[in-house]
Amino acid sequence: MTDENPTLNGHGGTHAVAAALAHGVDTMFTLSGAHVFPLYDAAVGGKAGVESGSAPMRLVDVRHEQTAVFAAEATAKLTRRPGLAVLTAGPGVTNGVSAVTSAWFNGAPIVVLGGRAPGFRWGTGALQELDHPPILAPVTKRAATVQAVADIAREVDAAFTLAASPHRGPVFLDVPMDQLFSRTQVVVPTVRPRLPLVPDPTELEEVASLLGAAQRPVLVLGSDVWADGAEGAALRLAETAGLPVITNGMGRGVLPFGHRLLVTRARSAAFGGADLVVVVGTPLDFRLGYGVFGGKDGATPARVVHLVDSPGQVATHLALAASAAGDLSLVLDGVREAWEQQLRRTDVATWVAGLRDIAQAAAAGDRELLESASDPIHPARIYGELLPRLAEDAVVIGDGGDFVSFAGRFVEPKQPGGWLDPGPYGCLGTGAGYAIAARLARPSAQIVLLYGDGAAGFSLMDVDTLVRHRLPVVIVVGNNGMWGLEKHPMQFLYGYDVAAELRQETRYDEVVKALGGAGETVARPGDLGAALDRAFASGVPYLVNVLTDPAVAYPRTTTGV
């Protein structure tokens, strides 16, 4: 900041909101609490702002604090700008911990501002007195207390800068109530543009050399490709080098549905037969077999390259053939340019064609499931009806186990930024918060929330938030009356199951109706299409409660262990 920066006179909430606005934040997600009233006052512009409708920042209040944090996370994912959640002291903060942890695993840039018992009362047992930062420290980039009102603007500005710096993630600050309500004059911080991290050109040349020599390469694109704004560079590399591509997370849609190089449906053959796998913008975790590829039918294990947005993200649990870190557009364009300079490049067209044939055969094989007329309804039939109804700009949100696993198999976005799931932490309850944020971030798009019936229990009450804030969303519940992701494995392991049953045929649509939305239950496959049409046409939060076959388990190949 400089001496020419404007000054701001007001309470601590005014300072915090001014800093957030400077970072492009336009929405505050929260659940009402007195410890943080000054933040609300600043967001709405005081009484005059409320009366005139000229609030500086949209204020969205929810029914559970985790929904507020999940909404901030989805805002960050969809807009690629930091999200903001405000949680009141004590249980308000601790209710948000799982959602903060999800943002930590997903590398989502959010700032969570917490209330805190007054500093002058500290240690005397004030209401909801709890030292929050030690709880949040393991799952944030920084967790701290702002001890003085004069420091709030500077600390909030630094928090947003840190959250948005690769590798992105959550930052937590709490402010004692007496300081947040206090008033002072401060200099308004200036937001400085972030300079991209430039990758080492020698490392990029090494990656290009490996690509040029590979006979069976595979390119994997993960969420950070989208988060770093590198989807264009990723597409250029894939098309220039003719590389087969597998996507995960928000990497979905970087190569749109139907692209000749997209072979996600041939994942097993690609990973099993590859001699080089280049993984971009995602960890080498359980979703990618911990980075172990190749070796199928006695072949040599594949060499692995890891390309990430910051040095700390490079995998260390296995030997890599090469790696590079930096702004992913610079990384991917740099690899492409170095590949074009290679004197000898292996022709991989036959390899790609074989994978494309496998992927097309797998898609053709899906037709029987997607058109299934079985009664009870096969969960795949839901996607058979949904997919033709999805628009180019649809945002599909998955929150559940087995039911959402089918979505991961069948739903391929037509453009990037159209898929949201809980990510590697696997935290259920993301759905309502993600849907709230998606509707606000994409006002004219289709927003479809896919719930497992178990997952619905975590956040369905926040349909009330959708209704109150006039946010229409189509909600589909795959209702098999059980925790399918646990029931079937326990039956396999022990021959029986416990703690895996839910009430059969629960009317989740009636819950939504009671909260002011609309919906219906579907028990026959032939009724699905018309029900979805009514949902999309309704203009309100509308839940289609589909009674699915409890005997059907998703045929998964990994347990995450």
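Quick note: structure is the one above.
Residues numbered from 1 in each chain as written. Predicted model: local features only at pLDDT ≥ 70, side-chain atom pairs only at ≥ 80, totals over all residues. Heavy atoms only, no water.

Asks: Can you walk me through the packing of aromatic side chains in this structure?
Replies: Each aromatic ring pair is summarised here by two numbers: the centre-to-centre distance and the angle between the ring planes. Going through the model one piece at a time under the given rule, you end up with ten aromatic pairs. With a centroid separation of 6.2 Å and an interplanar angle of 45°, the aromatic rings of phenylalanine 37 and tyrosine 40 are classed as tilted. Of this pair, phenylalanine 37 and tyrosine 40 both sit in helix H2 (residues 37–44), three residues apart, roughly one helical turn. Residue classification places phenylalanine 37 among the partly exposed residues on the basis of a relative accessible area of 39%. Consider the rings of phenylalanine 271 and phenylalanine 293, whose centres lie 4.8 Å apart with planes at 50°: the pair is tilted. Linking phenylalanine 271 in helix H13 (residues 267–273) with phenylalanine 293 in the loop between strand E11 (276–280) and strand E12 (303–308), this pair joins segments that are 22 residues apart in sequence. Residue phenylalanine 271 shares its accessibility class with phenylalanine 293, and that shared class is buried. Members of the aromatic cluster, connected to one another through ring pairs, are Tyr383, Phe403, Phe406, Phe410 and Tyr554. One Lys or Arg, arginine 80, reaches over the ring of tryptophan 226 and ends 3.6 Å from the middle of that ring. The lysine or arginine in question, arginine 345, covers the ring of tryptophan 339, its NZ or CZ lying 4.0 Å from the ring centre. (Phe/Tyr/Trp six-rings, centres within 6.5 Å; stacked < 30°, edge-to-face > 60°. Helix = DSSP H or I, 4+ residues; strand = E, 2+ residues; numbered from the N terminus. Buried < 20%, exposed > 50% of the residue type's maximum accessible area, 1.4 Å probe, protein only. Lys NZ or Arg CZ within 6 Å of the ring centre and 35° of its normal.)

Asks: Looking at this structure, how should I read helix H8 (residues 152–164)?
Replies: For H8, with 13 residues, the first-to-last C-alpha span of 18 Å sits near the 18 Å given by 1.5 Å per residue. Those residues of H8 not exposed but buried are Ile152, Ala153, Glu155, Val156, Asp157, Ala159, Phe160 and Ala163. (Expected span 1.5 Å × (residues − 1).)

Asks: Help me understand the sheet that holds strand E7 (residues 171–176), please; the structure alone is not making it clear to me.
Replies: An order of E3-E2-E4-E5-E7-E6 is seen for the six strands of this open sheet, with the pairing classed as parallel. Edge strands, defined here as strands with exactly one partner in the open sheet, are strand E3 (58–61) and strand E6 (142–145). Averaged over all adjacent pairs, the angle separating strand axes in this sheet is 20°, with direction ignored. The pairing of strand E2 (residues 27–30) with strand E4 (residues 83–87) spans two bridges and is parallel. Following the sheet pairing, phenylalanine 29 is matched in E4 by alanine 85. (Pairing = 2+ DSSP bridges. Axes fitted to C-alpha atoms, helices over the stretch in contact; angles between N-to-C directions.)

Asks: Mind showing me how you'd approach the sheet that holds strand E10 (residues 245–247) here?
Replies: Each strand in a sheet pairs with its neighbour through backbone hydrogen bonds, running either in the same direction (parallel) or in the opposite one (antiparallel). Pairing is parallel in the open sheet, where five strands are placed in the order E10-E9-E11-E12-E13. Among the strands making up the open sheet, the edge pair consists of E10 and strand E13 (322–325). Strand-to-strand twist of the sheet, defined as the mean angle between neighbouring strand axes without regard to direction, takes the value 15°. Of the pairings in the sheet, the one linking E12 to E13 comprises four bridges and is parallel in character. Bridge pairing in E13 places valine 308 opposite alanine 325. Against the sheet, helix H14 (residues 328–340) contacts E11, E12 and E13, and its axis sits at roughly 140° relative to E12. (Contact = heavy atoms within 4.5 Å.)

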